[in-house]
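Residues per chain, in single letters:
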Amino acid sequence: MEGNWRILFSHVCSTSFLLLWIFVGLNVVEVVGSQQGIPLSVVKLWASAFGGEIKSISAKYSGSQLLQKKYKEFEKSVRVEEIDGMKVVKNLAVKMEEMFRRKAEATRRLVEAAEEAHHQHEENPDLQYEYFNAVLINEVDEEGNNVELGGEFLLEPNYHFNNLSVNLSLSVVQVPTNMYNKDPDIVNGVYWSEALNKVFVDNYERDPTLIWQYFGSAKGFFRQYPGVKWHPDEHGVIGFDCRNRKWYIQAATSPKDVVILVDVSGSMKGLRLTIARQTVSSILDTLGDDDFFNIIAYNQEIHYVEPCLNGTLVRADRTNKDHFREHLDKLFAKGIGLLGEALTEAFMILSDFNQTGRGSVCSQAIMLVTDGATEMYDDVFEKYNWPERKVRLFPYLIGRESAFADNLKWMACANKGYFSQISTLADVQENVMRYLHVMSRPKVIDHEHDTVWTEAYVDSALNDKSGPTLTTTVAMPVFSTKNETNQGILLGVVGTDIPLQELMKLIPKHMLGIHGYVFAITNNGYILIHPDLRPLYQEGQKRRKPNYSSVDLSEVEWEDKDGILRNAMVNRRTGTFSMEVKKTVDRGRRVLKMHNDYYYTDIKGTPFSVGVALSRGHGKYFFRGNVSLEAGLRDLEQPDVALADEWTYCNIEEEHEHRHLTQIQAIKLFMTGRRPHLKCDRELIQEVLFDAVVTAPLEAYWTGLALNKSENSDKGVEIAFLGTRTGLSRTNLFVPVDQLSNRDFLTAEDKEGVFNADHFPLWYKRAAEQVPGTFVYSIPFSTALENKSVVLASTAIQLLDDRKSPIVAAVGIQMKLEYFQKKFWTACRQCTALDGKCSISCDNEDINCYLIDNNGFILVTEEQSQTGLFFGEVEGAVMNKLLQMGSFKRITLYDYQALCREYAGSSDSARTLSDVSVQQTAFRGRERSRGKTMMVPCDTEYPAFVSERTIKETTGNIECDGCIRSFVIQQIPSSNLFMVVVDNKCDCSSAPPVTMDPIEIIYILSSLKCERLKYQKDRKKPESCHPFHPEENAMECGSATRFSGPLAAALLPLITATISR
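All chains use their own residue numbering, which begins from 1 and follows the written sequence. Only residues with pLDDT of 70 or above have their local features reported here, since the model is predicted, and side-chain atom pairs are shown and tallied only from 80 upward, although totals for entire chains, interfaces and linings are computed over all residues. The side-chain quantities take in all heavy atoms of the structure and omit both hydrogens and water.

Note the threshold: UniProt positions are given in the numbering used here, feature names are shortened, and annotations may be inferred rather than shown by experiment.
As recorded in an unreviewed UniProt entry, the chain goes by Calcium channel, voltage dependent, alpha2/delta subunit 3 and comes from Maylandia zebra. Check the Sequence similarities (unreviewed entry) section of the UniProt entry for the chain; it says "Belongs to the calcium channel subunit alpha-2/delta family." According to the UniProt record, the Subcellular location (unreviewed entry) comment for the chain reads "Membrane".

### As for the sheet that holds strand S23 (residues 575-585)
We apply this condition: In this description, strands pair whenever DSSP reports at least two bridges between them. By definition, any uninterrupted DSSP run of H or I lasting at least four residues is a helix, any uninterrupted run of E lasting at least two residues is a strand, and each is numbered from the N terminus. Each axis is a line fitted through C-alpha atoms, taken for helices only over the stretch in contact, and angles between the N-to-C directions span 0 to 180 degrees.
Read across the sheet, five strands follow the order S20-S19-S25-S24-S23 without closing on themselves; strand pairing throughout is antiparallel. Only two strands of the sheet have a single partner each, and these edge strands are strand S20 (527-529) and S23. Put simply, the sheet's adjacent strands are angled 35° from each other on average, direction ignored. Where S23 lies against strand S24 (residues 590-602), 11 bridges are found, and the strand directions are antiparallel. Bridging across to S24, Lys582 finds its partner in Lys593.

### What about the pattern of salt bridges?
To keep it simple, the criterion reads: The salt bridge definition used is simple: a Lys or Arg side-chain nitrogen within 4 Å of an Asp or Glu carboxyl oxygen. Note on classification: 1.4 Å probe, protein chains only; a residue is buried when its accessible area is under 20% of the maximum for its type, exposed when over 50%, partly exposed between these limits.
With the rule as written, the count across this model stands at 53 salt bridges. Between Glu53 and Lys823 there is a salt bridge, with the nearest N and O atoms lying 3.2 Å from each other. Placement of Glu53 in helix H2 (residues 40-62) and of Lys823 in helix H21 (residues 817-827) is noted, with a sequence separation of 770 residues between them. Lys823 gets classed as partly exposed once you look at its relative accessible area, which sits at 23%.

### Brief notes about unusual backbone geometry
A cis geometry characterises the amide bond from Tyr225 onward to Pro226, with omega recorded as -5°. Note the cis peptide between Trp386 and Pro387, where omega equals 5°. Inspection of the secondary structure assignment puts Pro387 in the loop between helix H11 (378-384) and strand S13 (391-398). At Ser974, a residue that is not glycine, the phi angle is positive and equals roughly 60°. Within the secondary structure, Ser974 is located in the loop between strand S41 (963-971) and strand S42 (977-983).

### What to know about the state of the cysteines
Rules: Only a pair of cysteine sulfur atoms within 2.5 Å qualifies as a disulfide here.
What the rule picks out here adds up to seven disulfides. With a sulfur-sulfur separation of 2.0 Å, Cys842 is cross-linked through a disulfide to Cys849. Disulfide Cys842 to Cys849: torsion about the S-S bond roughly -95°, handedness left-handed. Of the two residues, Cys842 and Cys849, both sit in the buried class. The disulfide bridge from Cys963 ends at Cys986, spanning 1.8 Å between sulfur atoms. One quick way to see it: the torsion about the S-S bond of Cys963 and Cys986 is about -65°, and its sign makes the bridge left-handed. Taken together, the positions of Cys963 in strand S41 and Cys986 in the loop between S42 and strand S43 (999-1003) put the pair 23 residues apart, joining distant regions of the chain.

So this is what it looks like as structure tokens:
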């Protein structure tokens, strides 16, 4: 289904492209035959002069020819191998399995300790116990004394915990703001769970890569190790409740199908309807990606909150839950409530949906939110739910009145549910959470400690100083082992966080080629790790994107329109797949077209699958060189050498005693045998030593250039740099650091310019796709505003002279933009006239001269403010002509993780009536001079532009209001650059610009939007399921009210008979 929407775009684009070519065919004759006002020979002379000069400078200062020569000297002694992608992915899966297993073992030790500690503890309602409250530690009163439940708590900054100040000996306890710190249940739970401190510390000593370990109690408190201080928000509130977290809910309950019934009869007006909305929203908070749901409002009629989803259930991912929340605000109360029809509808949906096999195929429940029931509807239950009682019923009585409480409680007891009464908004959270204990009973009675793994998420409970980091959690339930009735008592859930950066450290980046990468997904198809996953957006600070945790693989590998790769991985298969892809770089402004081969397999013991993508050509080959250990270590320790921070040469995190080591120090200790127990990648180290030796002569070469006063006198070239396939880099400064035009380059601030866990530097990747021996030039786009002060030049170094040759390194320089532009304007003053009087000149007001790159961005123009802009924004008519003539190609791309600005209060219905339409994404809704805007998730389509390599030079004419305007475009030799000379005699300002602005894809209230909501991608159901248990004590079904005496006597035989079935 999803492919159909994209095919629609593809069909339109193909038709438009065909019409364009017909137009071009008619138009080219006119261009060729027209009288040109700009001599092609002169422009060719300028391009040649500038190309020769700038290549000479780039080659000289980068040392590219020297480095190519040095690698050539080893050509006969190295061994080129084709990378076995399947072997790589299987080895990686084993390493990931081992890492996950260690974390699960640590969690299991916590379960055992917690259950033993609780078993030994005798509940004492009068227990007085001082514990370290996470909010109150180190707080003092007006007299300087420690506050109650505070006390002096030693905290020290720790790099391993994101530089937060922590206590590695003790844990702290967080209690939600709406709960009493000294409630007897909490005090008793905190007391016996103190036993976990010893296990927390022991786990961390066994596995120093562990980060946060914790126990979330069913009573509401949260014990966290290492101890850290929590800070309330500006309102003095901490809204965190561990029982609402996905890791808790997944571990405590089995997957479930849920129908929520909301009473919207006239008696629900006012505060009751407000409480009902909040109750439904809180229920939605407890549903996860393995659950399915729908919401039905009822009075004298049945109203599906989303009419499109009549008679079905949808997955409880964030997108769907947010969609339903928006509709809750549109509910209003009127009429009478016919609960019998609503219950019948709910039972039928659950039955029909369960038979399709598309839901959870596990637990089922009906949540009833109402202010009363005039009868018990036993005829409905007799028909649809008895005797098996596979569907649990959870009534929530809204309001203070108890007239109908007995009926509702009877319904809960007779259907293995739980009754709650909610009188105020403050009561909502605690009462909603009670249903989880009932749903967990079968699992508790079975005593199944199922290990659950969450999808990737950013935990906002603590604001890490280094910014949000993606995490997954392994969690297990904790049960009471005391000889109690079969109520099935859940004590809570223990969990351990695993930063996804830990997974990245296992990736053998040097074996994946320049464009290769690793990715992993969950059983629902959501991305765990992928270089194109963008969970954050920059707007003054790092903030979480909405829906970042439910980005499907099909939304980044969108060329796989049939979902072949995704579905194979979701179903935990092992195999291969191949397709042509368009990969964007430089913050989406540039595109690289390549053919990828994918290799995938499952990670045993988890719900995850892992894949490896290798690009064909140089990306499928690797070479092995060999040098002496002595020579390698000597050259590796040179001061200009650095290794990729996020690559793992030696795992220095696994032992506390190794954490102070640098990677180079660890390599030396390991290779010399002084620390044989270090876990190091010997193969990678051998190759990095080889690269260190081969690249070593460049240090002396660069130093010689820097010391020669006659060289670089105007300090136009600032930095020379190189990087190799093993993550080794060398840099040389030709000017002092404080004089650098761009100080972020090659630092951690320049994310795309350095080796990262999931990608090679941008200048390396782009150089690899250039013709060997040529340089790629660009003005870098910084993360904030474009940096228009420098130009980067880089070129790739090949080992062999064929396409199967690995790219072994890339070298380049950073030069001042002013210096670069000066060389351009100097070259443009040359001419062939003997008398020195040139027929045209870039100084002449009659022509405009531009230097653009292969993606259409301007590097040089007379108007400085246009530097860095896309050429089509400045010369729309010329760019359109270049596209028509085939000198440039437009490539359509899609972004399914985009964010659009929307005015608060704007609605989809005000936009357009077409099924699929596009709209500028600057703002959704009507233009307003005032009003708040917010960032909302959206899908966008946007263009990228690439030059046609085979077209070296082109001339053309453009008609503007009866005036003929000519232009010439000429490729700069040995580069990715083009000179464009345009005559200025005609005013073409009326021609629309060609922009790279994204346009939003909008799915309007029509059949298409409805189908999109209904569409469910393949998923793999969790293997564990505990829907009900024959020994369950269903009499424990609500305590907010008691049966009246006469009614209890009348109902008890019926309840007993029902329960015994």
